[in-house]
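One-letter residues, chain by chain:
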Amino acid sequence: MPIVMGPSPMEENLRRLTDEIGGRVTGSPEMAKAVGWAVGAFRAAGVEVHTEKYVFPITWSEGKTELLIDQPFRPLRSEYRDGKHLTAADERSLRVVSVAWSPSTGPHVLYAPITDVGYGSPDDFGNAGNLQGEILLVHTDIGSTWADLSKEYLRPPAIIESAVKSGAAAILWMGARERLLLYRHRNSLKKELDKIPQVIVAREDAMTLARTVAAYPGRIHAYLSTPNTIGGPIEQENVVGEIRGYEKPDEAVILGAHLDSWELGTGALDNGCNAALVIEAARAIKATGLLPRRTIRFVLFSGEEQGEIGSHEYVKAHRGELDKVRAMINFDSGIGRVTGYSLGGRRDTEAGVREVLKPLESWRVNNHTYDASFGSDNFDFLLEGVPTLDATQEEANYLPNYHAASDTLDKVDMRELKLHTVLAALTAWGIADRAEPLGKRLSRSELDVLVKETGLDQQMKLLGYWDAWQSGARGRTP
Ligand SMILES: [Zn+2]
């Protein structure tokens with residue numbers, strides 16, 4: 001505790017990652033700088049470090065996304081109709097960003113009527129009539145809870161599929177943050193580009209548009225341009241710090257967080273603060289001069305925001321050793337107070353976790369849950385049967401700033417981050433140093449039961465992961 005809570009390099013480390021390097025999309029030059037930052041910070045802490053390369057499938061960066069609305073009471077000048085690039089901002093242009101991994105419209109501008117398909121349910125699509133060639137407006141609710149955020153990822157794939165089937169040309173998603181705040185993420189998490197262009201429209205602009213479309217049915221048109229730059233595949237890296245165990249060095253506990261982020265903001269809450277936490281936990285354990293029985297690996301993953309690609313590649317590369325990975329501990333929920341860990345559908349590991357956290361009993365961090373979900377780097381370890389601990393945190397300021405321009409260092413409560421660092425270090429140390437393993441590696445048939453009991457099967461079906469799980473391309477081989 002005194003090592004972490006006292007003067008430390010963590011705050012300055014995090015300032016350099018967020019303010020100086022900034023948003024770091026996997027495959028970008030900023031991501032490469034972030035890898036250099038992490039390697040340097042581990043070395044400065046006296047912790048052995050190396051990087052592990054893998055092939056990342058697609059690089060993507062946003063071009064000049066534009067959406068102009070042609071409406072009877074404020075028609076656009078004819079030059080916009082020539083299919084050339086839209087010109088400077090106009091009072092009819094809406095505040096938009098491209099959805100990540102949305103395809104490029106190339107040098108052309110899409111011109112089509114807009115149809116409001118409500119929340120995009122099968123009924124909404126059934127009642128919408130012929131949507132061939134149209135641009136669809138899809139409504140959303142404001143996200144304020146973890147459950148809302150989960151829905152933000154689980155809803156879109158089916159809506160996109162309906163849109164593609166109906167022959168629609170593009171989708172406009174109503175923003176789920178208030179006060180015109182734009183944000184970026186992927187709307188489907190498969191390792192491929194989306195099939196049709198999609199943008200997020202600032203919430204208030206999208207609501208105005210919905211009212212206008214309702215007032216002039218069939219008469220509102222949009223010019224849409226998403227000239228995104230798409231490339232790849234490209235070699236990327238995960239960063240791995242290591243403190244070797246003195247008794248069972250081939251057995252390991254992993255403490256992980258993702259290092260990459262989206263780039264409208266600087267990825268402070270998601271997930272710079274927890275990347276800094278992982279490095280600081282390593283520094284603190286090293287600084288005690290003590291060695292754990294088992295090895296502790298401190299892993300900073302890339303490619304998380306595109307669908308946990310870096311951690312999936314890590315799991316694939318280390319498949320032969322997963323029997324000896326005793327736990328994977330993950331931090332990826334910003335700065336809200338930690339209340340315990342989500343144990344990935346397992347009850348057998350709880351007693352061990354409670355015992356490990358006994359010294360912090362008064363912090364009330366022992367409220368563990370047995371849910372299992374997609375959405376961060378613990379996912380592929382869970383599917384391999386490795387015991388996982390995903391920090392459960394209060395929402396705090398996470399949702400209003402999620403993936404948005406406002407996700408900056410000023411949102412990070414440094415005292416809370418230091419307390420979490422103590423917790424993370426103690427958790428990793430305790431599991432690495434206890435006499436017995438925390439829990440066994442589950443077999444495929446045990447995982448089949450777990451996936452069903454936790455409802456993870458439904459999530460995987462909605463996200464399009466089910467076939468990969470069934471075939472063994474993802475998760476423990478059947
Ligand atoms: Zn994250």
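Our subject in this report is the structure included herewith. Note that the structure is predicted; figures quoted are calculated from it, not measured. (Residues numbered from 1 in each chain as written. Predicted model: local features only at pLDDT ≥ 70, side-chain atom pairs only at ≥ 80, totals over all residues. Heavy atoms only, no water.)

## Quick notes on helix α2 (residues 10-21)
Move 1: Compared with the 16 Å implied by 1.5 Å per residue over 12 residues, the 15 Å span of α2 between its first and last C-alpha is a close match.
Move 2: Buried residues belonging to α2 abut α3 (29-44), α8 (268-288) and α12 (414-433).
Move 3: Just downstream of α2, Gly 22 is the residue with a positive phi angle, here 85 degrees. (Helix = DSSP H or I, 4+ residues; strand = E, 2+ residues; numbered from the N terminus. Expected span 1.5 Å × (residues − 1). Contact = heavy atoms within 4.5 Å.)

## Considerations on unusual backbone geometry
Move 1: With an omega of 0 degrees, the peptide bond between Gly 232 and Pro 233 qualifies as cis.
Move 2: Turning to its location among the elements, Pro 233 is positioned in the loop between β10 (229-231) and β11 (234-243).
Move 3: Omega for the peptide link from Asp 270 to Asn 271 comes to 5 degrees, which places this bond in the cis form.
Move 4: The residue Asn 271 is located in helix α8 in this model.
Move 5: Backbone geometry places Trp 101, a non-glycine residue, at a positive phi of 65 degrees.
Move 6: By the secondary structure assignment, Trp 101 is in the loop between β4 (96-98) and β5 (110-116).
Move 7: Within the chain, Glu 308 stands out as a residue other than glycine whose phi angle is a positive 50 degrees.

## Quick word on the coordination of the zinc ion
Move 1: Within the protein, the atoms that donate to the zinc ion are His 258 (NE2), Asp 270 (OD), Asp 332 (OD) and Asp 332 (OD), at distances of 2.0 to 2.8 Å.
Move 2: Geometry at the zinc ion is irregular, judged from its 4 donor atoms and the angles of 51 to 150 degrees they form at the metal. (Donors = N, O, S within 2.8 Å, 3.2 Å for Na, K, Ca; no water. Tetrahedral: all angles 85-135°; square planar, octahedral: opposite > 155°, others 65-115°.)

## Some points on the pattern of salt bridges
Move 1: This model, assessed by the stated rule, comprises 32 salt bridges.
Move 2: Glu 280 serves as the salt-bridge partner of Arg 283, at 2.9 Å between the closest nitrogen and oxygen. With Arg 283 and Glu 280 both in helix α8 and 3 residues apart, the pair spans about one turn of that helix. The same class applies to Arg 283 and to Glu 280, which are both buried.
Move 3: When the shortest N-O distance is used, the salt bridge between Glu 384 and Arg 441 registers 2.8 Å. (Salt bridge = Lys/Arg side-chain N within 4 Å of Asp/Glu carboxyl O. Buried < 20%, exposed > 50% of the residue type's maximum accessible area, 1.4 Å probe, protein only.)

## As for the nonpolar core
Move 1: Core analysis: the biggest nonpolar cluster contains 81 residues, and Phe 42, Leu 259, Leu 300, Phe 331, Tyr 341 and Val 412 have the highest contact counts within it.
Move 2: If one sorts the elements of this core by residue count, α8 sits on top with 11 residues.
Move 3: Apart from the residues lying within four places of it in its own chain, the contact partners of Leu 259 are Leu 17, Arg 24, Met 31, Ala 34, Val 35, Trp 37, Ala 38, Val 239, Ala 275, Leu 300 and Phe 301.
Move 4: Within the second largest apolar cluster, 21 residues are counted, among which are Val 97, Leu 131, Leu 136 and Ala 176. (Core = buried A, V, L, I, M, F, W, Y, C linked by side-chain atoms within 4.5 Å.)

## A short note on the sheet that holds strand β7 (residues 170-174)
Backbone hydrogen bonds are what pair the strands of a sheet, in a parallel or an antiparallel way.
Move 1: The strand order across the open sheet formed by 7 strands is β3-β9-β5-β6-β7-β8-β4, and the pairing between neighbours is mixed. Whereas interior strands pair on both sides, the edge strands pair on one side only; in this sheet they are β3 (66-70) and β4. Taken over all neighbouring pairs, the strand axes of this sheet differ in orientation by 30 degrees on average, direction set aside.
Move 2: In the packing of helix α6 (residues 156-165) onto the sheet, the strands contacted are β6 (135-138), β7 and β8 (198-201), and the crossing angle to β7 comes to about 145 degrees. (Pairing = 2+ DSSP bridges. Axes fitted to C-alpha atoms, helices over the stretch in contact; angles between N-to-C directions.)

## Regarding the packing of α2 against α3
Think of two packed helices as two axes; the pair is described by the angle between the axes and how far apart they sit.
Move 1: Interhelical geometry of α2 versus α3 gives an angle of 165 degrees and a closest axis separation of 11 Å. Accordingly, the angle class assigned to the pair α2 and α3 is roughly antiparallel. Pair α2 / α3 crosses with right-handed handedness. Contact with α2, carried on its side by Asn 13, Leu 14, Arg 16, Leu 17 and Ile 21, involves Glu 30, Lys 33, Ala 34, Trp 37 and Ala 41 of α3 and no other residues of that element.
Move 2: Counted by class, the contact of α2 with α3 contains 6 nonpolar, 1 polar and 3 charged residues. (Parallel < 35°, antiparallel > 145°, perpendicular 65-115°, else oblique. Left-handed = near helix turned anticlockwise from the far one by under 90°. Nonpolar A, V, L, I, M, F, W, Y, C, P; charged D, E, K, R; others polar.)

## A short note on the environment of Lys 151
Move 1: Tracing the backbone through its elements, the reader meets Lys 151 in helix α5 (residues 146-154).
Move 2: Sequence separation between Lys 151 and Lys 64 is 87 residues; the distance between their C-alpha atoms is 28 Å.

## Details of the side chain of Thr 226
Move 1: Along the chain, the position of Thr 226 falls in the loop between β9 (221-225) and β10.
Move 2: Residue Thr 226 is classed as buried on the basis of its relative accessible area, which comes to 0%.
Move 3: Discounting residues that sit within four places of it in the chain, Thr 226 has contacts with Thr 65, Pro 103, Ser 104, Thr 105, Pro 197 and Val 199.

In short, the description is geometric, and any link to function would need to be established separately.
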